[in-house]
Amino acid sequence: MPTEFISLTFPNASTEINPIPGAGIDPAYLVRYARTLDDYDFNYTLVPYDSSSYDPFTIGATIAAATKNLKIIIALRPNTLYPTVAAKALATIDQISSGRAVVHLIAGGSDAEQAKEGDFLPKDQRYARLEEYIRILRRAWQSAEPFDWDGTFYQFKQFSNRVRPVNGTGIPISVGGSSEEAYRIGGALADIFGLWGEPLKETKEQIDRIYQAAARAGRPNSDRPRIWVTFRPIIAETDELAWQKAYHTLDVLKANQARVSGGGSQASDSKAQVRAPTPQNVGSQRLLEIASRGDVHDRALWYPTVTATNARGASTALVGSPQTISDSILDYIDLGAELISIRGYDNLDDAIDYGRYVLPKVRSALQKRKNKGVDSA
């Protein structure tokens, strides 16, 4: 399948480098951002989930109404919505968007975050629940007849679903993570598997483990999960200017983190980082361990943004000119990544820059490779 690009949805103009305290949804901004992605030929936008933030389904429906081609990835934690309800809600979004719905299922990497919404299962059971959830979603989308379910986490009788996905069979399911259970479940059941940006060697190792899990589940190579890798590119006209921008971005991230932690100086920022607890999720732990080995990896992968935020979510940067960023992305495509998620620190302007200068370069390079292959065949 062709390489495709993803961005994150932002409901207002607040950013990590210029936060707007207490900002609510800005409908005009949300629509403008979504249409910008559509106009610049991004393929997907991820509508994120957080225990304290907006409902992704409502945001997703708004995006669907405002765009023509952009696919909408709804982030969903199984503890927040019963699977039969989720199956109908996702199929509804799929119908509203004429078949553009995707779901990204999150087992939950933090006990504290899960507990905020009443979920006290340990992590291993959250993954077991995720597996059961996926199987119910698929059954609900495919079954022409009412069916019963008597599982470990869910039980119901004679559920009948009249809300079908547009294709009649299902909606793409994405799973992410860096734990053995994530590899096992995603490799066995997911259509897409999401990874955070790591060096090429580590990314290749993770892809191999996902593919191995798929093979153990009996999936042929033609049916393996598509690999999705996420980066935070910092782009400028030249590499030199991009690095200047990167260090300025880092200074602002650190200053903002210091203010959040109750201090205002560089010293208090350092203490805040020392006091920051080690994240519970394996993905963040991996990023911090890689960051401890050095700032720059491979062509342009930059890790100080990881340590500045204590690996809070996707936080690895690619730094450079449009050509350097494009070449770096192609390195990951060569490893097997088919979905590339890029979002910056100046959300709307960065999305425009990527759409103007990065996506066309990557697509042009891939087309040249394809044409060369055809010519030599």
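Residues numbered from 1 in each chain as written. Predicted model: local features only at pLDDT ≥ 70, side-chain atom pairs only at ≥ 80, totals over all residues. Heavy atoms only, no water.

An unreviewed UniProt entry annotates the protein chain as Bacterial luciferase-like protein originating from Neurospora hispaniola.

**Topic: the pattern of salt bridges**
Throughout the structure, instances matching the rule amount to 23 salt bridges. Residue Glu113 is joined to Lys116 by a salt bridge in which the shortest nitrogen-to-oxygen separation is 3.5 Å. For Arg226, the salt bridge is made with Glu338, and the minimal N-O distance between the two is 2.6 Å. Of this pair, Arg226 sits in strand S9 (residues 226-231) while Glu338 sits in strand S14 (residues 337-342), and the two are 112 residues apart along the sequence. Residue classification places Arg226 among the buried residues on the basis of a relative accessible area of 10%. On the basis of relative accessibility, which here comes to 22%, the residue Glu338 falls in the partly exposed class. (Salt bridge = Lys/Arg side-chain N within 4 Å of Asp/Glu carboxyl O. Helix = DSSP H or I, 4+ residues; strand = E, 2+ residues; numbered from the N terminus. Buried < 20%, exposed > 50% of the residue type's maximum accessible area, 1.4 Å probe, protein only.)

**Describing the packing of helix H6 (residues 180-189) against helix H7 (residues 200-216)**
Interhelical geometry of H6 versus H7 gives an angle of 55° and a closest axis separation of 7 Å. Accordingly, the angle class assigned to the pair H6 and H7 is oblique. Considering how the two elements wind past one another, H6 and H7 form a crossing that is right-handed. Across from Glu180, Tyr183, Arg184, Gly187 and Ala188 in H6, the residues of H7 making contact are Gln206, Arg209, Ile210, Ala213 and Ala214. Looking at side-chain class alone, the contact of H6 with H7 contains five nonpolar, two polar and three charged residues. (Axes fitted to C-alpha atoms, helices over the stretch in contact; angles between N-to-C directions. Parallel < 35°, antiparallel > 145°, perpendicular 65-115°, else oblique. Left-handed = near helix turned anticlockwise from the far one by under 90°. Contact = heavy atoms within 4.5 Å. Nonpolar A, V, L, I, M, F, W, Y, C, P; charged D, E, K, R; others polar.)

**Remarks on the pairing of S9**
Of all the six residues making up S9, six are buried; the element is thus mostly covered by neighbouring parts of the structure. Residues Arg226, Trp228 and Thr230 line one face of S9 and the alternating positions Ile227, Val229 and Phe231 line the opposite face, and both faces are buried. With five bridges joining them, strand S8 (residues 192-196) and S9 adopt parallel strand pairing. Residue pairing in the sheet places Phe193 in a bridge with Ile227 of S9. Crossover S8 to S9 through H7 is right-handed. (Pairing = 2+ DSSP bridges. Right-handed = clockwise from strand over helix to strand, strands pointing away.)

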